[in-house]
Amino acid sequence: MKLIRTVKVKNDLGLHTRPATVIVKMLQSYKSSVHFTYKKDIINARSIMSILMLALRKNASIQITVEGDDAEETISALVNAFENQFWEKL
Amino acid sequence: MYSVQNLFEQYGKELDLNLVAGQTGMTRSIKKPEVHRPGLSLAGYKKSLPTNRILVFGKVEISYIRELPKEERLERLKWVITPSTPAVIIARKYRPPTEIVQLCAKHKIPLFRASHTATTLLSKITFLLMEEFSPSVTMHGTLVEVFGVGVLIQGESSVGKSEAALGLLERGHRLISDDVVKVKKREGAYLVGSGPELTRHLMEIRGIGIINVAHLYGAVCVRPDKGLDIAIKLEEWDDRHFYDRVGLEEKFCDILGISVPFHILPVKPGRDVVLLIETIALNHRLKDMGYHSAKEFNVKLLEAIAHRQKRKKIHEADPYR
């Protein structure tokens, strides 16, 4: 199954190292392949360096593409994390 | 979309561009990676004038315009400078004729002055634009230079790409980029890989974190970019899969329409991945030099078989055996 959703970065500092770590850590428990699309770049969301390379600022919107058996659970967990600012307290 | 603003910001200093008029048109997009000297069109030849190229006015164009009667200048320039011209550049720091300034302001076309000659500008801008317009793709993998061969190591996350790269660095090879590789097709014929500016020469190693290889191992261990010669896919050993045992058949993978020699390298405890990658790279160099170990051996083998058959035939035909 392939699912595509668009999300916005809500953290004030943008998507920096800590939130990126949260994403990578979260994805470890899912099997689907996850890709982020931002402007022209398509990157593998399991790689922390790839996420950091995008240097996403606040309000940047990215497209999440999830493909695999547990796509639904994966995408809802990811969207939830973006919504809750990766549980980062500022 | 690549705009005049992008060109100015990125290469304005290198090309020594000074904006004279048409500031409001900086957002104009450059649609073709081509630059044009409008000499012939200025002289009155109207056919097949390329309209969406950057125009460069050199010594000849400027002196020709100056020699034209005033009333004719604007007429001639109107053919050349159209609303779809992305930008106009005057070479050798000539003062732009007022008609050009007027036209550029009217159509909101950025007008620049540069100190270089028209020929230098033509070749420099064409080269830079070709670079910007060449097709590119962001790939998940690690690019290293091993014995001068550009090797792209691919594979699933946590299969050991970064660890393999670290091992290679330790043996004196070079890292171009870890995890993210931007691959560009140059001149439609070959591939060049580089790392994104922000994460250049950084590596993420499980259990250690982010390290800067250039600082740890020194400048000798890194390179900004490198031609991509072969791709290696690391994967966990699968007993059901039949891995290449002789190497007679060569596999290729397609990157931006170019076929790149491709190897699948199974990983399991006891297999020294670093040594294996080094061997693949060396073998690739040998093949490039015209020696193919597997094919050469096959020829020798066939010769030996043929020789034996011949001997057997002679032996059988011998009436006194």
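Predicted model only: the values in this text are computed from it and were never measured. (Residues numbered from 1 in each chain as written. Chains lettered and ligands numbered in written order. Predicted model: local features only at pLDDT ≥ 70, side-chain atom pairs only at ≥ 80, totals over all residues.)

(A) Seen up close, the interface of chain A and chain B. With 12 residues of chain A at the interface, the matching set in chain B holds 11 residues. The element that contributes the greatest number of residues to the side of chain A that touches chain B is helix H2 (residues 48–53) of chain A, accounting for five residues. Looking at side-chain class alone, the side of chain A that touches chain B contains seven nonpolar, three polar and two charged residues. (Contact = placed C-beta atoms within 7 Å. Helix = DSSP H or I, 4+ residues; strand = E, 2+ residues; numbered from the N terminus. Nonpolar A, V, L, I, M, F, W, Y, C, P; charged D, E, K, R; others polar.)

(B) Focus on the domain arrangement of chain B. Here the domain parsing of chain B yields domain 1 (4–133) and domain 2 (136–290). Each of domain 1 of chain B and domain 2 of chain B has a C-alpha centre, and the two are 43 Å apart. (Domains from an automatic or database assignment.)

(C) Quick look at the sheet that holds strand E4 (residues 61–67) of chain A. Residue and element names in this part refer to chain A. The four strands are arranged E1-E4-E2-E3 in an open sheet whose pairing can be described as antiparallel. This sheet does not close on itself; its edge strands, each paired only once, are strand E1 (2–8) and strand E3 (41–44). Each adjacent strand pair in this sheet contributes to an overall mean axis angle of 25°, direction not counted. Sheet topology note: the E1/E4 ladder contains seven bridges and is antiparallel. Counterpart to Thr 6 in the pairing with E4 is Gln 63. Sheet strands in contact with helix H3 (residues 71–83) are E1, strand E2 (33–38) and E4, and its direction is about 0° off that of E1. (Pairing = 2+ DSSP bridges. Axes fitted to C-alpha atoms, helices over the stretch in contact; angles between N-to-C directions.)

(D) The environment of Ser84(B), seen in detail. Residues and elements named next belong to chain B. Inspection of the secondary structure assignment puts Ser 84 in the loop between helix H4 (70–80) and strand E4 (88–90). Taking the C-alpha atoms as reference, Ser 84 lies 8.9 Å from Arg 28; in sequence the two are 56 residues apart. If sequence neighbours within four positions are ignored, Ser 84 has contacts with Thr 51 and Asn 52.

(E) Layout of the packing of H4(B) against helix H5 (residues 98–107) of chain B. All names here are of chain B. For the pair H4 and H5, interaxial distance at closest approach is 10 Å and the crossing angle is 45°. Between H4 and H5, the angle is such that the two are oblique. The two elements H4 and H5 meet at a crossing, and its hand is right-handed. Across the interface between the two elements, Arg 73, Leu 74, Leu 77 and Lys 78 from H4 touch Glu 99, Ile 100 and Leu 103 from H5. When the residues that make up the contact of H4 with H5 are grouped by side-chain class, the tally is four nonpolar, no polar and three charged. (Parallel < 35°, antiparallel > 145°, perpendicular 65-115°, else oblique. Left-handed = near helix turned anticlockwise from the far one by under 90°.)

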